[in-house]
Amino acid sequence: MHKPVRKAVFPVAGLGTRFLPATKAMPKEMLPVVDKPLIHYAIEEAKAAGIEQFFFVTSRAKSAIEDHFDRAFELEATLRERGKSDLAAELETELSAPGQIAYTRQQTPLGLGHAVWCARALVGDEPFAVLLADDLMIGEPPCLKEMVEAYAETGGNMVAVMEIPREQTRRYGVLDVVADTGKLVRAKGVVEKPEPAIAPSTLMIIGRYIIQPEIFTYLGEMKPGAGGEIQLTDGLDRLIADGQLFHGLRAAARRYDCGEKLGFLEATIALGLQHPDLGPELRKILSAFL
């Protein structure tokens, strides 16, 4: 019986430089896709997977994230006064229970591996999920839910993966695959941003992880790797070397790369077209420009 995945870490300390000047005073994770910020979608996905505790690794100027997941008494009161009790009730139902959310700081931008390591005291000695909000995953079943269900069978560590053109491997972490059953692959290693000629596969890691807590020991010992940062993939490689199982899941949900402007626009259009109220009119607007 594998320990259940009850906790999730959300690394949200990045500067969001690709979206300047929009992110000069607003966290990139708060950029809205139609009517919800990116981080809101990630929390919804985690809740759908049965996650009970949500840990944010933040930095300076990220208070908007904390405010978003807190009560807004004045706003709720104003909505009720104006006869919009349905909206006030919707805000209340989206709140997490007291004590479910906690925040810690990454004071120095030393990479994703370091950000995850900063959450070690919150996570403790149990498996946990990591969700990167700018990888927006939309579809059924929700990506992390599908991963948690697969993890219940496999145990070990798991990432969501997708196929990419070989020339793009230098931009991502990829798996070194030893077995492929279609939905699941088993890997003997992960390589961060390999050159296409030497990349062991074209299976790219998406920003969804289930990780065993032993990784914290390794991340605490790591020296900066690719890009001068402490890479999470290097820590995962150490777990594999220790004999822990490592799987990649080809998720059914679709990934939108909202860390890039075009990906963000694609997500906005796609979700806008799916919106029950906005979709038909948006389709007309888009048609006028095409």
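The present account deals with the structure reproduced in this document.

1. Side note on the overall build of the chain
Counting its secondary structure elements, the chain contains 11 helices and 13 strands. What you see for the chain is a C-alpha radius of gyration of 19 Å, in line with the 19 Å of a compact globule of 290 residues. Counting only C-alpha atoms, the chain reaches 60 × 50 × 40 Å along its principal axes. Relative to its full complement of 290 residues, the chain shows a buried share of 48%. Looking at the chain alone, contacts between residues at least 24 apart form 74% of all its contacts between residues at least 6 apart. Charged side chains of the chain number 33 positive and 40 negative; the gap between the two group centres comes to 3 Å.

2. Describing the pattern of salt bridges
For the structure shown, the criterion picks out 20 salt bridges. We note a salt bridge from E146 to K183, for which the minimum N-O separation is 3.1 Å. Taken as a pair, E146 in helix α7 (residues 143–154) and K183 in the loop between β9 (173–180) and β10 (184–192) lie far apart in primary sequence, 37 residues in all. E146 sits in the buried class, given a relative accessible area of 10%. Residue K183 is classed as partly exposed on the basis of its relative accessible area of 39%. Notably, a salt bridge pairs R254 with E266, separated by 2.6 Å at the nearest N-O pair. In this pair, R254 sits in strand β13 (residues 254–257) while E266 sits in helix α10 (residues 261–274), placing the two residues 12 residues apart along the sequence. Here R254 falls in the partly exposed class, since its relative accessible area comes to 46%. A single salt-bridge network, built from bridges that share partners, covers R6, K7, E52 and E126.

Conventions used here
Residues numbered from 1 in each chain as written. Predicted model: local features only at pLDDT ≥ 70, side-chain atom pairs only at ≥ 80, totals over all residues. Heavy atoms only, no water. Helix = DSSP H or I, 4+ residues; strand = E, 2+ residues; numbered from the N terminus. Rg over C-alpha atoms; globule rule 2.2 N^0.38 Å. Buried < 20%, exposed > 50% of the residue type's maximum accessible area, 1.4 Å probe, protein only. Contact = heavy atoms within 4.5 Å. Lys, Arg positive; Asp, Glu negative; His and termini not counted. Charge placed at Lys NZ, Arg CZ, Asp CG, Glu CD. Salt bridge = Lys/Arg side-chain N within 4 Å of Asp/Glu carboxyl O.

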